[in-house]
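# A structural walkthrough
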Amino acid sequence: MEHLVIPEGTSEPAYPWWQRYQPISYKLQSRSGTEAEFVDMVQRCNAVGVRVFVDAVVNHMAGLDRSGTGSAGSSFDSSQYDFPGVPYTEVDFTPSELCNSFDGNVNNYGDPENVRNCNLVGLTDLYGASDDVRQKVADYFNTVVDIGVAGFRVDAAKHMWPEDLEAMMDMTHDLNTDQGFPAGTRPFFYHEVIDQNDGAVTVTIYYGLGRITEFRYCQKIKWGIDDFSQLGGVYDPGWGMADSDKAFVFVDNHDNQRGHGGAGDILTYKVPHDYRLGVAFTLAQPYGYTRIMSSYDYGDDTDVGPPHKSDYSTDDVVITSDGQCSNGWVCEHRWPSIAKMVRFRNAVAGTTTADNRYNDGNVVAFSRGDLGFFAMVKEGTLSQTFQTGLPAGTYSELITCAEITVGADGTADVTITNEEEPIFAICQGCACDDTPIVTATQGPDVTPTTPEPTTPGPTEPSITDGVHRTVIFVFKQTNDGQDLFSRGGIDGSVRPDCTDDVTTDPCAIDITVNSLGTTTHYDKYNAWSEGDIKLDWFGAEAGQGTYNGEKASGSPLAWTSSDSSSPGYQELNTYGDHYWMLDVDMDCSQTEQGWFEVKAYLTNDAQGWEGDVTQSGTCNGGAGGSAPYTTQNHIGRCGYVNVFSFDGTSCTVE
């Protein structure tokens, strides 16, 4: 949004980071770029399954005694409560008689009316009870939701009445289906409520509105890394900490890493060893919904803004050859142990406890159900046998990529030798490679079996001409209620004449979906198959069937199994459970030399595209081989059985 601009030559720091937390209007132009650039970023991110959340400042406008021009060129005079860029006038701000402080500012955190009806550090407090203010905030929310954002962090929510927030949220649109969100999906809200047992406004008051920031976790994890014996108490209900299903947790944020709001004992990027341990433990343990910090280096100046060009607009993030950031950017999210622990977090989602706990004051270890095992060392190295809770087998350790064998009794020999990143993690379905695959999808995963060549296959072997039966399998273990779809055809980088009209799009491929069965197990598949005549990149086609009013999000895949006693049994599935299947007759003449591209799309609860895929050069299987070009999607052969793994690089063609 448009924000205050503090230029050089004043008594204040020039262009400080906090100027963008003093809004001038809801126009989408800031030090970070223009509205057009914001739209482009959001839609490019959505196209690859990365969701964008807006940091919304709607409790207040710019501070008193300020006037001038904002980052989008709007004039304002805060002392007159005049913000024509919205527009807001004096009637849109909290009446002075409702504030019970002597100077109009918040000064008594034991009084909810003082906290919510007075100016926070001199910032002009919007009157959230006003229908006009509620509508204008909702209009702002709707503008960015319609562009394609997935949700909001609401800044200073502690200083807003919950009923005002709820009214604004209720007027906010569902997420944009054109940006890949299923119909009826509500925005994700998380609210900044700094509750440190120091006032009358607590996190529990906001429970009905979404996730709530839990700042006490920052202090708890700092104490725990300093003294491993305290790690068992990072969630302390006796402190009034938010319930796990409500808590939004983090090691640090943009405020408290600088000693500002919610500050105290905090881990930051400035002590990398301890910070890595703190973030790794946060991602490994089950409490709360986790958020990772990504910073720029502010040195000793806690006011300085981000790296900038000569006009103080935000400078580019430069990625080095080893995948890290330079040009003043820290990018903690790219640090190898942090990036790879995200995979662990996703893989063990759904397990709510930490089992097989071990803590001797220098080594901490625990398992997450039968899906993952984690260990870390405070000082020195480690070579020890632990009960992992995992099924017997060979696993790829996430940090070092070493092969780890788990025995029939669930034990494994754990070795940690890197004292800068003294972290160990193995999990079902977790691959170790140099470039983490980051998606918007969270959910449990398991290790897919490697398909062996099979005799059964499509009935016609033709490659480049005619219509032939083609089968797609995508391995993905999902949560209850989730559905998987496929989208595909030929990428626009290969056929630059692609259009947005699926009926004439040369990048779409004609298909006829074949039934997999008539039992209730296939009700969704059969319903969504009606009218599905193209393998395309767009989602539901005009006239495509619905299931209980829910639109398709592409060509449907059905959950299948190789177990003949399972309701999802399919003869062509010789691989195991969780192989989602699409069976079509495909026009091979519309492919590229007999090859087509496909990517899976997950809906309900955790939704979105799988990540970009760097597919192995040669597909395995009796009909495998090398595709005629490279792509960021799975690529398979028309007229054959094609087997892929969600977010995986392998392919098998039979």
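This text follows the structure it describes.
This one's a predicted model, so the numbers in the text were calculated from it and none came from an experiment. Position labels on residues start from 1 in each chain and follow its written sequence. Thresholds applied to this predicted model are a pLDDT of at least 70 for local features of residues and 80 or more for the giving and counting of side-chain atom pairs; totals over whole chains, interfaces and linings are not thresholded and use all residues. Think of the side-chain values as coming from all heavy atoms in the structure, minus any hydrogens and water.

## A short note on the overall build of the protein chain
Per the convention used, a helix needs a DSSP run of H or I reaching at least four residues, while a strand needs a run of E reaching at least two, with both numbered from the N terminus. Regarding its fold elements, the protein chain presents eight helices and 36 strands. The C-alpha atoms of the protein chain give 27 Å as radius of gyration, which agrees with the globular expectation for 654 residues (26 Å, within 12%). Here the term buried applies to any residue with accessible area under 20% of the maximum for its type, exposed to any over 50%, and partly exposed to those in between, with areas from a 1.4 Å probe on protein chains only. Split into buried and exposed, the 654 residues of the protein chain put 55% on the buried side. Pairs at least 24 residues apart make up 67% of the contacts formed inside the protein chain by residues separated by at least 6 positions. Only the protein chains shown count as covering a residue, and every accessible area follows the Shrake-Rupley method with a 1.4 Å probe. If you sum the accessible surface of the protein chain, you get close to 26,200 Å²; carbon and sulfur atoms cover 47% of it. For this count, His and the chain ends are skipped, Lys and Arg are scored as positive, and Asp and Glu as negative. Think of each charge as sitting on NZ of Lys, CZ of Arg, CG of Asp or CD of Glu. Treating the 38 positive side-chain charges of the protein chain as one cloud and the 94 negative ones as another, the clouds have centres 2 Å apart. In this setup the radius of gyration rests on C-alpha atoms only. A globule is expected at 2.2 Å times the number of residues raised to 0.38. Contacts are assigned to residue pairs that have any heavy atoms within 4.5 Å of one another.

## As for the pattern of salt bridges
Put simply, a salt bridge is a Lys or Arg side-chain nitrogen that is within 4 Å of an Asp or Glu carboxyl oxygen. Scanning all chains against the criterion turns up 18 salt bridges. For Lys-220, the salt bridge identified is with Asp-236, shortest N-O distance 3.1 Å. With Lys-220 in helix H5 (residues 216-226) and Asp-236 in the loop between H5 and strand S9 (247-249), this residue pair connects regions lying 16 residues apart in the sequence. Assessed through its relative accessible area of 11%, Lys-220 is described here as buried. The partner of Lys-524 in a salt bridge is Asp-483, with the nearest N and O atoms 3.1 Å apart. Here Asp-483 lies in strand S22 (residues 483-489) and Lys-524 lies in helix H8 (residues 523-529), a separation of 41 residues in the sequence. Exposure remark for Asp-483: the relative accessible area of 6% places this residue in the buried category.

## Thoughts on helix H6 (residues 272-284)
Spanning 13 residues, H6 covers 18 Å between terminal C-alpha atoms, matching the ideal 18 Å at 1.5 Å per step. Of all 13 residues making up H6, 11 are buried, and the element is well covered by its neighbours. All of the buried residues along H6 are His-273, Tyr-275, Arg-276, Leu-277, Gly-278, Val-279, Ala-280, Phe-281, Thr-282, Leu-283 and Ala-284. A helix is expected to span 1.5 Å for every residue after the first.

## As for empty space enclosed by the protein
Both cavities and pockets are sets of points on a 1 Å grid over the protein atoms alone; in a cavity a 1.4 Å probe fits but cannot get out, in a pocket the set is open with protein on both sides within 12 Å along at least five of seven lines, and lining residues sit with an atom within 4 Å of a point. Grid points are joined across faces, edges and corners, and a volume is the space filled by probe spheres set on the points. Under the counting rule described, the total for this entry stands at one cavity of 30 Å³ or more. There is about 60 Å³ of room inside the largest cavity. Counted by class, the lining of the largest cavity contains seven nonpolar, one polar and two charged residues. When residue character is reported, Ala, Val, Leu, Ile, Met, Phe, Trp, Tyr, Cys and Pro are called nonpolar, Asp, Glu, Lys and Arg charged, and the others, Gly included, polar.

## Quick word on the packing of H6 against helix H7 (residues 336-347)
For helices, the fitted axis covers only the stretch in contact; all axes are lines through C-alpha atoms, and the angles between them, taken along N-to-C directions, range from 0 to 180 degrees. Packing of H6 against H7 leaves a shortest axis separation of 9 Å and a crossing angle of 10°. Looking at the two axes, H6 sits roughly parallel to H7. Judged by residue contacts, Tyr-275, Arg-276, Val-279, Ala-280, Thr-282, Leu-283 and Ala-284 of H6 engage Ser-337, Ile-338, Met-341, Val-342, Phe-344 and Arg-345 from H7. Class assignment of the residues belonging to the contact of H6 with H7 gives a composition of nine nonpolar, two polar and two charged. When describing relative orientation, an angle under 35 degrees is termed roughly parallel and one over 145 degrees roughly antiparallel, while 65 to 115 degrees is termed roughly perpendicular and anything else oblique.

## Observations regarding the packing of aromatic side chains
Side-chain rings of Phe, Tyr and Trp (the six-membered ring for Trp) are treated as a pair once their centres are within 6.5 Å; stacked means planes under 30 degrees apart, edge-to-face means over 60, and tilted covers the remaining angles. Summed over the entire model, instances satisfying the criterion amount to 37 aromatic pairs. Pairing Phe-141 with Phe-189 gives two aromatic rings, centres 5.6 Å apart and planes at 65°, and the pair type is edge-to-face. Note that Phe-141 is positioned in helix H3 (residues 131-147) and Phe-189 in strand S7 (residues 188-191), a separation of 48 residues in sequence. You can call Phe-141 buried: its relative accessible area is 1%. By relative accessible area, which is 5% here, Phe-189 ends up buried. Clustering of aromatic rings is evident, with ring pairs tying together Tyr-26, Phe-76, Tyr-81, Phe-83, Tyr-88, Phe-93, Tyr-140, Phe-141, Phe-152 and Phe-189. For a lysine, the NZ atom is tested; for an arginine, the CZ atom; a charge sits over a ring if that atom is within 6 Å of the ring centre and within 35 degrees of the ring normal. Positioned over the ring face of Tyr-207 is Lys-246, at 5.8 Å from the centre of the ring. Just above the ring of Trp-17 sits the side chain of Arg-258; from NZ or CZ to the centre is 5.4 Å.

## A closer look at the packing of H5 against H6
Packed helices, taken two at a time, are described by the angle their axes make and the gap between the axes. At a closest axis distance of 10 Å, the pairing of H5 and H6 adopts a crossing angle of 120°. By the angle between their axes, H5 is oblique relative to H6. The crossing of H5 and H6 is right-handed. Across the interface between the two elements, Tyr-217, Ile-221, Ile-225 and Asp-226 from H5 touch Asp-274, Leu-277, Gly-278, Phe-281 and Thr-282 from H6. Residue classes in the contact of H5 with H6 are distributed as five nonpolar, two polar and two charged. Crossing handedness is read from the near helix: turned anticlockwise from the far helix by less than a right angle, it gives a left-handed crossing, and turned clockwise, a right-handed one.

## Here we look at the sheet that holds strand S15 (residues 372-377)
Being paired, for any two strands, means DSSP has found at least two bridges between them. The antiparallel open sheet is built from four strands, whose spatial order is S13-S14-S15-S20. Looking at the sheet topology across the chains shown, the edges are occupied by strand S13 (355-359) and strand S20 (423-427). The average angle at which neighbouring strand axes cross in this sheet is 5°, direction not considered. In this structure, S13 lies alongside strand S14 (residues 363-368), joined through three bridges in antiparallel fashion. The residue of S14 that forms the bridge with Asn-359 is Val-364.

## Regarding the pairing of S22
Most of S22 sits inside the fold, with seven of its seven residues counted as buried. Along S22, one buried face is formed by Asp-483, Phe-485, Arg-487 and Gly-489 and the opposite face, lined by Leu-484, Ser-486 and Gly-488, is buried too. Pairing of S22 with strand S30 (residues 595-603) involves seven bridges; the strand directions are antiparallel. From the neighbouring strand, Asp-483 faces S30, where its bridge partner is Thr-603. With two bridges connecting them, S22 and strand S27 (residues 555-556) associate as antiparallel partners.

## Side note on the state of the cysteines
Disulfide assignment relies on a single distance test, namely cysteine sulfur atoms paired within 2.5 Å. Summed over all chains, the structure comprises seven disulfides. The disulfide that involves Cys-325 links it to Cys-331, with 2.1 Å between the sulfurs. In this structure the cystine formed by Cys-325 and Cys-331 twists about its S-S bond by roughly -90°; its chirality is therefore left-handed. There is no split in this pair, since Cys-325 and Cys-331 are both buried. Between the sulfur atoms of Cys-588 and its disulfide partner Cys-638 the distance amounts to 1.9 Å. On the S-S bond that ties Cys-588 to Cys-638, the torsion sits near -80°, and the link is left-handed. With a gap of 50 residues between them, Cys-588 in the loop between strand S29 (579-587) and S30 and Cys-638 in the loop between strand S34 (634-637) and strand S35 (641-645) connect regions that are remote in the sequence. What makes Cys-588 buried here is its relative accessible area of 1%. With no disulfide of its own, Cys-45 has Cys-331 as its nearest cysteine by sulfur position, at a separation of 14 Å. Cysteine Cys-218 shares no disulfide, and the gap to the nearest cysteine sulfur, in Cys-331, comes to 20 Å. When its relative accessible area of 0% is taken as the criterion, Cys-218 is described as buried.

Function-wise, these values are silent; they only describe arrangement.
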